[in-house]
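The residues making up each chain are set out below.
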Amino acid sequence: MNAARRTLIIAEAGVNHNGSVEMALELVDAAASAGADVVKFQTFQADRGVSSYAPKADYQKATTGTTESQLEMVRRLELDLKTHRRLLERCRERGIAFLSTPFDAPSVDLLVGELGLKIIKIPSGEITNGPLLLHIARTQSKMILSTGMSTLGEIEEALGVLAFGLLAKGRSPSRQAFQEAYISDKGQEALQEKVTLLHCTTEYPAPFEEVNLKVIETLRRAFCLPVGYSDHTEGIAVPIAAVALGATVIEKHFTLDRSLPGPDHRASLEPEELGAMVRSVRQIERAVGGSKKIPTPSEFRNRAIARKSLVAAKQIEEGECFSPENVTAKRPGDGMSPMESWNIFGTLSKRVVPEDTKL
């Protein structure tokens, strides 16, 4: 039988620390206790990524009010280098990997250069931010690219930038150069080595009717890359279904308490729910198995018990003709298969066969 593939489970703490170092450390502990592989935060300099006139999304207004701007909200959620180091150390202590999403070039440099991360998560909102994509690719890190809000064409163009950054040295960036890098054999090889895509619906919480899990297969066929799923729905049913459809990564927001103030808490799992999701994913991994339809080892033990054999429906005398009137099928299935019925009907019994005796 095929060995169960292992899905990478990313517990997305994001900004659910509310700017509190102690709460961020508690989130690391909760993710580790739940059995997640990775706990992920967000790394940014608010003034570099949000303008003073940027509006809040509707879900942000609903969860944080309208009295402050998006910039003011985001400023309160920044984590400095010292805090990043503390989080990284706590992750090492708890045996869980640390990951973060950078939203600007200095944050990329902090994660790769200062903290030594080998994987960078690129959020859906940055998929058209070519300069940032190029900066990330040039670090030669592995990349997980979320694709929320995007078309196949936008994803392809983003992958072109990443391929160019992974390959090109001394060449000027341009859309044509990106396309050439994307379609080249070396570009495709680099992408397959370095990039995982995540299907995503960018709404908090995401409506179930807008999830479209079949896109996982669309992305896999279109780009020949590993594809996972970043989930913003309520509950744990959808990420579990995504694993059944072949998602190689599951990313899910979680919080210590859904009633806490902040933009993402309401669309997040609480620690017990996160643990339930992890356990369910591991069960589904084992259940997916292989595609070949053959009896399993446990089924072999049950075949004789569950199937039937041909037996005498009543005593059959020597020389009597076998027929549907005196032959029937009963358990166990360790004798002549009922599929042989038509081969013996019309033939003569060579002995006396007592009722309920196998032929």
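All of the points below concern the structure found in this document. (Residues numbered from 1 in each chain as written. Predicted model: local features only at pLDDT ≥ 70, side-chain atom pairs only at ≥ 80, totals over all residues. Heavy atoms only, no water.)

Some thoughts on the sheet that holds strand S8 (residues 249-253)
Right, so step 1: If you trace the eight strands from one edge of the open sheet to the other, you get S3-S2-S1-S8-S7-S6-S5-S4, paired in parallel fashion. Where the open sheet ends on each side, the last strands, each with one partner, are strand S3 (97-102) and strand S4 (119-122). Averaged over all pairs of adjacent strands, the angle between their axes in this sheet comes to 25 degrees, without regard to strand direction.
Right, so step 2: With four bridges joining them, strand S1 (residues 8-14) and strand S2 (residues 38-43) adopt parallel strand pairing. Each bridged residue has a counterpart across the sheet, and for Glu-12 the counterpart in S2 is Lys-40.
Right, so step 3: Against the sheet, helix H7 (residues 130-137) engages S3, S4 and strand S5 (142-146), with an angle of about 165 degrees to S4. (Pairing = 2+ DSSP bridges. Helix = DSSP H or I, 4+ residues; strand = E, 2+ residues; numbered from the N terminus. Axes fitted to C-alpha atoms, helices over the stretch in contact; angles between N-to-C directions. Contact = heavy atoms within 4.5 Å.)

Some thoughts on unusual backbone geometry
Right, so step 1: Following Tyr-204, the chain continues to Pro-205 via a peptide bond in cis, the omega torsion being -10 degrees.
Right, so step 2: When you line up the elements, Pro-205 lands in the loop between strand S6 (195-200) and helix H11 (215-223).
Right, so step 3: The omega torsion of the bond from Arg-331 to Pro-332 falls at 5 degrees, within 30 degrees of zero and hence cis.
Right, so step 4: Here Pro-332 is to be found in the loop between strand S10 (327-330) and helix H15 (341-344).
Right, so step 5: Phi angles above zero are rare outside glycine, and Gln-140 is one such case at about 65 degrees.
Right, so step 6: Of note, Gln-140 is situated in the loop between H7 and S5.

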